[in-house]
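Observations on the three-dimensional arrangement
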Amino acid sequence: MKQVKKGDKVKVHYHGRLTSGETFDSSEGRQPLEFEVGSGSVIKGFEEGVTGMAVGEKKTVSIPVEEAYGHKNREMLVEMPKGRFPEDMDLEIGLPLMMSSRNGQDFQVVVAEIKDDAVLLDANHPLAGQELVFDLEVVEIVGGSPLIIMP
């Protein structure tokens, strides 16, 4: 039976949760996730979990922080003066906001702390610092990228 290997395009159903049991994402009711193993399009631990599985096989993998979204990076915390926010905005811890970088790229931040004159915003990935658990099921091995043989 064919097993998933690096370079294969695969379709996978998954249920992702925190170690507390809280679900953060699932493909239930949607199309399976399709990606190329080894392309870096999903987190390392997810790719490693799928590698070696066969179509129809199911398993649960625990992914340590280092193979998920990494540890929280203190450099991703930004302090903004309260005066930069609209006066009528109800700021609360956990509130997601969108910011723009200097080059115009939008990214999400979360209000991490509210001080007297400033607001601390966290631009880390929401799952940074978390160990993740995935229930995986390989639905299809589509096949890998074609090999190009040079003369």
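Here goes a summary of the coordinates provided. Quantities reported herein were computed from a predicted structural model and do not represent experimental measurements. Starting afresh in each chain, residues are numbered from 1 along the sequence in its written order. Given that this is a predicted model, residues contribute local features only at a pLDDT of at least 70 and side-chain atom pairs are listed and counted only at 80 or more, while totals for whole chains, interfaces and linings are drawn from all residues. Calculation of side-chain values draws on the structure's entire complement of heavy atoms; hydrogens and water are dropped beforehand.

Turning our attention to the pattern of salt bridges. Put simply, a salt bridge is a Lys or Arg side-chain nitrogen that is within 4 Å of an Asp or Glu carboxyl oxygen. If you walk through the whole model with that rule in mind, you get 7 salt bridges. Of the charged contacts, one joins Asp135 and Arg17 as a salt bridge, the two residues approaching to 2.7 Å between their closest N and O atoms. Of the two residues, Asp135 sits in strand E9 (residues 132-144) while Arg17 sits in strand E1 (residues 8-18), which places them 118 residues apart along the sequence. Three labels apply to residues, based on accessible area from a 1.4 Å probe with only protein chains included: buried if under 20% of the type maximum, exposed if over 50%, partly exposed otherwise in between. A residue is classified by how much of its surface remains accessible, and Asp135, at 26% relative accessible area, is partly exposed. Lys115 serves as the salt-bridge partner of Glu79, at 2.6 Å between the closest nitrogen and oxygen. Taken together, the positions of Glu79 in strand E5 (residues 77-81) and Lys115 in the loop between strand E7 (106-114) and strand E8 (118-122) put the pair 36 residues apart, joining distant regions of the chain. Only runs of H or I of at least four residues qualify as helices and only runs of E of at least two qualify as strands under DSSP, and these elements are numbered from the N terminus.

Ordered in space as E5-E8-E7-E6, the 4 strands form an open sheet in which the pairing is antiparallel. Each having just a single partner strand, E5 and strand E6 (96-100) make up the two edges of the open sheet. In this sheet, adjacent strand axes meet at a mean angle of 45° when their direction is disregarded. Taken together, the 5 bridges between E6 and E7 define a ladder with antiparallel strand orientation. Note that in E7 the partner of Ser100 across the bridge is Asp106. Two strands form a pair only when DSSP identifies at least two bridges running between them. Under this scheme, a helix contributes an axis fitted over its contacting stretch, all axes are lines through C-alpha atoms, and angles between N-to-C directions fall in the 0 to 180 degree range.

It is worth spelling out the layout of surface pockets at this point. The distinction between a cavity and a pocket rests on a 1 Å grid over the protein atoms alone: a 1.4 Å probe fits inside a cavity but cannot get out, while a pocket stays open yet meets protein on both sides within 12 Å along at least five of seven lines, and a residue with an atom within 4 Å of a point counts as lining. Grid points are joined across faces, edges and corners, and a volume is the space filled by probe spheres set on the points. Volume-wise, the largest pocket comes out at about 190 Å³. Lining the largest pocket are Tyr14, Phe24, Asp25, Leu33, Ser41, Val42, Ile43, Phe46, Tyr69, Leu127 and Phe134.

Quick look at the nonpolar core now. Membership of the largest hydrophobic core comes to 21 residues, with the highest contact counts inside it found for Phe46, Val50, Phe134 and Leu136. Looking at this core, the elements with two or more residues in it are E1, helix H1 (44-50), strand E4 (58-63) and E9. Counting residues per element, this core draws most heavily on E9, which supplies 5 residues. Here, residues are in contact when the closest pair of their heavy atoms is within 4.5 Å. Excluding residues within four positions of it along the chain, Val50 makes contact with Val4, Val10, Val12, Phe35, Leu136 and Val138. Only buried residues count toward a nonpolar core. Its members are Ala, Val, Leu, Ile, Met, Phe, Trp, Tyr and Cys residues joined through side-chain atoms within 4.5 Å. Of all hydrophobic cores here, the second largest spans 9 residues; its members include Leu97, Val109, Leu121 and Ala123.

Once that is clear, we can look at the environment of Glu137. Its place among the elements puts Glu137 in strand E9. The partly exposed category is assigned to Glu137, whose relative accessible area is 26%. For the pair Glu137 and His13, spaced 124 residues apart in sequence, the C-alpha to C-alpha distance is 5.2 Å. Not counting the four nearest positions on each side in its chain, Glu137 is found in contact with Lys11, Val12, His13, Glu57 and Lys58.

With that settled, consider the packing of aromatic side chains. Each aromatic ring pair is described using two quantities: the centre-to-centre distance and the angle formed by the ring planes. Only centres within 6.5 Å qualify two rings of Phe, Tyr or Trp (six-membered ring in Trp) as a pair; their planes then separate them into stacked at under 30 degrees, edge-to-face at over 60, and tilted for everything else. Inspection of every chain in the model, using the stated rule, returns 5 aromatic pairs. Plain terms: the ring middles of Phe24 and Phe134 are 5.6 Å apart, the flat faces sit at 90° to each other, and that makes the pair edge-to-face. Note that Phe24 is positioned in strand E2 (residues 23-26) and Phe134 in strand E9, a separation of 110 residues in sequence. A ring pair is formed by Phe46 and Phe134, whose centres lie 5.0 Å apart and whose planes are at 90°; its orientation type is edge-to-face. Pair noted here: Phe46 is in helix H1 and Phe134 is in strand E9, with a separation of 88 residues, a long-range link. Overall, the relative accessible area of 6% leaves Phe134 in the buried class.

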